[in-house]
Every structure is written in C-alpha cells, then in structure tokens.
Amino acid sequence: MSDPTTSPASTRTDKGVRGFELDIHVAFTQPLAAAQARAALLALDGFTVDLYRPHPAALHADQAGDAPDAVPSARLTGPLRDPDVLRAGLSALLGGPARYVEVGVRGFLRSAAGQTEWMPWKRNAVLPRADVARVTFEEGVRFVLE
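Everything quoted here is computed from the prediction, not taken from an experiment. (Residues numbered from 1 in each chain as written. Predicted model: local features only at pLDDT ≥ 70, side-chain atom pairs only at ≥ 80, totals over all residues. Heavy atoms only, no water.)

Here we come to the overall build of the chain. Scanning the chain from terminus to terminus reveals 2 helices and 7 strands. A burial count over the chain gives 35% of its 146 residues as buried. Relative to all contacts within the chain whose residues are 6 or more apart in sequence, the contacts with residues 24 or more apart total 67%. As displayed, the chain has an accessible area near 8,600 Å², and 55% of this comes from carbon and sulfur atoms. (Helix = DSSP H or I, 4+ residues; strand = E, 2+ residues; numbered from the N terminus. Buried < 20%, exposed > 50% of the residue type's maximum accessible area, 1.4 Å probe, protein only. Contact = heavy atoms within 4.5 Å. Areas by Shrake-Rupley, 256 points an atom, 1.4 Å probe, with all protein chains shown as cover.)

Shown next as structure tokens:
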C-alpha cells in the first residue's frame, strides 16, 4: 500500500480540474493476451492501464488465429514520479514486446462530471528506440520511440 502522505493522489478521480499527466501509448509487436500485456506493462508500474482491443465486429470469421482476447496496444496515464525509473521501464519495453512507444506529459481538462478532455500535443519528436535517455518530460511534447 502506498502512503498517502508521500505519494500524490491519482488525478483520475478529481472532478472539475485541469493539469498535466503522463500519457503513454504502447503498441506491441504482436497482439498479446490480456494477462501477457498486463505482465509486460509491469515495467511501468503505478499507472492507470487501458488495454485496447479490436471491436468484435471488426474481426472476420476467417481470422480464427486471432483470439478475441488479443491486445495490440495499451495506454497508461498517471502522474510523473521518477523520470529515470520511467526511462528504464521504457527501455525494457522497447527491448521486449513493444513495437513503438509514444510518451509525453499532456494537458487535460476534467469536467465536474468527471469526463476528461485531452489537449492536443504542441510538438512531436521522433527518436530511435535506443535513445530513451533523450526523452524529456516537457508539458505538451510527445516523444515517439520507434
């Protein structure tokens, strides 16, 4: 359990606020089972994880090899805690199951009803996957590591 006095509270439940949050999109080299995807994402611990799956109507009957549980990508959001630990986790993902990773500190506006509106990125920077050390966490800048 985390100590609420030392770790920031998740902004996911705050309503009627605006701010910045780390936004990470991971695309896997091949679709993974949900359990495998969650296990791979443990390299980036402490974030809210949304697994993306294709809509069932988009799957064709002749794709019997693709399991309905297949996860081609995931999104992680949450506060930026330790940039060096995050860079190490990104390196681990890029050395393993990730085809590419998009990461940046993104602005958001959360309504009083709790609905989140994400602000557009101000700038994109594309880096080779080995250059994780060059990722800075500037507000509004998305780094694409491929």
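We are not done yet, so read on.
By secondary structure assignment, the location of serine 73 is in strand 3 (residues 71–78). Here serine 73 is in contact with His25, Val26, Ala27, Phe28, Leu51 and Tyr52, once residues within four sequence places are set aside.

The subject of this paragraph is the nonpolar core. Core analysis: the biggest nonpolar cluster contains 31 residues, and Ile24, Val26, Phe28 and Val103 have the highest contact counts within it. If you list the elements that add at least two residues to this core, you get strand 1 (17–32), helix 1 (34–40), strand 3, helix 2 (83–94), strand 4 (98–110), strand 6 (123–127) and strand 7 (141–145). The element that contributes the greatest number of residues to this core is strand 1, accounting for 5 residues. Non-local contacts of isoleucine 24, meaning those with residues more than four positions away in its chain, are made with Leu44, Phe47, Ala74, Arg75, Leu76, Leu86, Val101, Glu102 and Val103. (Core = buried A, V, L, I, M, F, W, Y, C linked by side-chain atoms within 4.5 Å.)

Regular strands place side chains that alternate from one sheet face to the opposite one. Judged by how many residues are buried, strand 3 sits mostly within the fold: 7 of 8 residues are covered. With 7 bridges connecting them, strand 1 and strand 3 associate as antiparallel partners. Considered in strand 3, the bridge of histidine 25 is made with arginine 75. For strand 2 (residues 48–52) and strand 3, the ladder comprises 5 bridges, and the chain directions are antiparallel. Counted as the bridge partner of tyrosine 52 is serine 73 from strand 3. (Pairing = 2+ DSSP bridges.)

Before going further, it helps to spend a moment on the side chain of arginine 106. Along the chain, arginine 106 falls in strand 4. In this structure the side chain of arginine 106 is engaged in a polar contact, spanning 2.8 Å, whose partner is the backbone oxygen of methionine 119. Other than its neighbours up to four places away in sequence, arginine 106 contacts Gly19, Phe20, Glu21, Asp23, Arg75, Trp118, Met119, Pro120 and Trp121. (Polar contact = N/O pair within 3.5 Å; in protein donor to acceptor, adjacent residues only side chain to side chain.)

Let's shift gears to the environment of phenylalanine 137. Along the chain, the position of phenylalanine 137 falls in the loop between strand 6 and strand 7. When its relative accessible area of 17% is taken as the criterion, phenylalanine 137 is described as buried. Note: C-alpha distance between phenylalanine 137 and valine 105 (32 residues apart in sequence) is 6.0 Å. Leaving out residues up to four positions away in the same chain, phenylalanine 137 has contacts with Leu22, Leu80, Pro83, Leu86, Arg87, Val103 and Val105.

Taken together, the 12 bridges between strand 1 and strand 4 define a ladder with antiparallel strand orientation. Counted as the bridge partner of aspartate 23 is glycine 104 from strand 4. Taken together, the 3 bridges between strand 4 and strand 5 (residues 116–118) define a ladder with antiparallel strand orientation. Following the sheet pairing, leucine 109 is matched in strand 5 by glutamate 117.

Its 12 residues give helix 2 an end-to-end C-alpha distance of 16 Å, which sits within 8% of 16 Å, the value for a rise of 1.5 Å per residue. The complete set of buried residues in helix 2 reads Leu86, Arg87, Gly89, Leu90, Leu93 and Leu94. Buried residues along helix 2 cover an arc of 160 degrees about the axis, so they all sit on one side. Exposed side chains of helix 2 directed beyond 90 degrees from the buried face belong to Asp84 and Val85. Each element contacted by the buried residues of helix 2 is listed here: strand 1, helix 1, strand 4 and strand 7. Capping of helix 2 at its N-terminal end is provided by aspartate 82; its side-chain oxygen lies 3.1 Å from the backbone amide nitrogen of aspartate 84. (Expected span 1.5 Å × (residues − 1). Arc of directions from axis to C-beta.)

Read these as layout, nothing more, since geometry by itself doesn't imply function.
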